[in-house]
Amino acid sequence: MIVLSAPSGGGKTTIAHALLRKDKNIVRSISCTTREPRKGEKNGKDYFFTTADQFKAMVRKKTFLEWAKVHRCFYGTPGHWVEGQLNKGKDVLFVIDVQGGKTIKHKVQDSVLIFVKPPSFKVLKERLLGRQSEDAKALKVRLKDALWETKEGKHYDYQVINDRLAEAVSLVLKIIQNERKKRLKTPL
Ligand code: 5GP
């Protein structure tokens, strides 16, 4: 289980797409969220978009491996699908926030937590503004949250600075490959 976290605008989604293209043993977990879809996002591909009531019902039914309130919306990882993929020998990639990362590590100790950091707060702000996906109010919340998310990221197994995308992708791939080797060497 590989967790990829970053503050909003840190580049984790772009890195995740590159990982999926380059390594066919990695599959991405698709989360449920109560956030409104952004332009171009597809239900079932980027997220499963749900209402707050649907989400609450799923929490009650224990559908989620983990869930959290992030930037004032709810996000959760459906557990059933993950189990199936792990049984097939796949590496499951979770592109989730630091609260979710903490929960996953607590439940599955040998999961690998990778935190992606922008080179500076200034760059993060520029990237977030540049993608024009949030209104002013949501942007403010995400920038404020970026500070504590970065602090929490210090507890991750690895921290990767996303200055040049190609370098960050190859570093994350190397981490994953090394972790696979470690597991092969570990006696049962
Ligand atoms: P966004 O709204 O930008 O797609 O995602 C906002 C934040 O929620 C990001 O940090 C993203 O990684 C995180 N997130 C997405 N899905 C999940 C999930 O299932 N669980 C948790 N804990 N965080 C998630």
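Refer to the preceding data block for the structure.
This structure is a prediction, so every number in the text was calculated from the model and none was measured.

Criteria and cut-off values
Residues numbered from 1 in each chain as written. Predicted model: local features only at pLDDT ≥ 70, side-chain atom pairs only at ≥ 80, totals over all residues. Heavy atoms only, no water. Helix = DSSP H or I, 4+ residues; strand = E, 2+ residues; numbered from the N terminus. Rg over C-alpha atoms; globule rule 2.2 N^0.38 Å. Buried < 20%, exposed > 50% of the residue type's maximum accessible area, 1.4 Å probe, protein only. Contact = heavy atoms within 4.5 Å. Near = heavy atom within 4 Å. Polar contact = N/O pair within 3.5 Å; in protein donor to acceptor, adjacent residues only side chain to side chain. Areas by Shrake-Rupley, 256 points an atom, 1.4 Å probe, with all protein chains shown as cover. 1 Å grid on protein atoms, 1.4 Å probe; cavity = no way out; pocket = protein on both sides within 12 Å on 5 of 7 lines; lining within 4 Å. Sits in = over half its atoms within 2 Å of the grid points. Nonpolar A, V, L, I, M, F, W, Y, C, P; charged D, E, K, R; others polar. Salt bridge = Lys/Arg side-chain N within 4 Å of Asp/Glu carboxyl O. Arc of directions from axis to C-beta.

Comments concerning the overall build of the protein chain
Stage number 1. For the protein chain, the count of helices and strands is 7 helices and 9 strands.
Stage number 2. Taking 16 Å as the expected radius of gyration for a compact globule of 188 residues, we find that the protein chain reaches 16 Å, a close match to that expectation.
Stage number 3. Projected onto the principal axes, the alpha-carbon positions of the protein chain cover approximately 50 × 40 × 30 Å.
Stage number 4. Counting over 188 residues, the protein chain shows a buried share of 45%.
Stage number 5. Considering only residue pairs separated by 6 or more positions, the protein chain has 66% of its internal contacts joining residues 24 or more positions apart.

Some points on the site of the ligand
Stage number 1. Taken together, 17 residues surround the ligand, and among them Ser31, Arg35, Tyr47, Glu66 and Tyr75 come closest.
Stage number 2. Separating an oxygen atom of the ligand from a side-chain N or O atom of tyrosine 47 is a distance of 2.5 Å.
Stage number 3. For the ligand, an oxygen atom lies 2.8 Å from a polar atom in the side chain of arginine 142.
Stage number 4. Protein coverage of the free-state accessible area of the ligand, which is 510 Å², stands at 96%.
Stage number 5. In this structure, the ligand is accommodated by the largest pocket.
Stage number 6. Of all elements in the fold, only β5 (64–70) and β6 (73–78) reach the threshold of two or more residues within the shell around the ligand.
Stage number 7. Within the shell around the ligand, the residues separate by chemical class into 6 nonpolar, 5 polar and 6 charged.

A few points about the environment of tyrosine 156
Stage number 1. With respect to the helices and strands, tyrosine 156 occurs in the loop between α6 (136–153) and β9 (158–161).
Stage number 2. A relative accessible area of 9% places tyrosine 156 in the buried class.
Stage number 3. Sequence separation of tyrosine 156 and lysine 182 is 26 residues, and the distance between their C-alpha atoms is 18 Å.

Some thoughts on the pattern of salt bridges
Stage number 1. Scanning the model with the defined rule gives 14 salt bridges in all.
Stage number 2. Among the salt bridges present, the one from aspartate 157 reaches lysine 105, with a minimum N-O distance of 2.9 Å. Linking aspartate 157 in the loop between α6 and β9 with lysine 105 in helix α4 (residues 98–107), this pair joins segments that are 52 residues apart in sequence.
Stage number 3. Under the relative-accessibility criterion, aspartate 157 is labelled partly exposed at 39%.
Stage number 4. Here the residues in one salt-bridge network are Arg35, Arg38, Glu41, Arg131, Glu134 and Arg142, joined through shared partners.

Examining α4
Stage number 1. Those residues of α4 that sit buried are Val98, Gly100, Gly101 and Ile104. The buried side chains of α4 occupy one side of the element, clustering within an arc of 150° when seen end-on. Those residues of α4 that are exposed and angled more than 90 degrees off the buried face are Lys102 and His106.
Stage number 2. Contacts from the buried residues of α4 go to β1 (2–5), β5, β7 (91–95), β8 (112–117) and α6.

Quick word on the side chain of threonine 33
Stage number 1. Its place among the elements puts threonine 33 in strand β3 (residues 32–33).
Stage number 2. Within polar-contact distance, the side chain of threonine 33 engages the backbone oxygen of phenylalanine 74 at 3.0 Å.
Stage number 3. In this view, threonine 33 contacts Tyr47, Phe48, Phe49, Thr50, Phe74 and Tyr75; residues no more than four positions away in its chain are not counted.

Any functional reading would require information beyond the geometric quantities listed.
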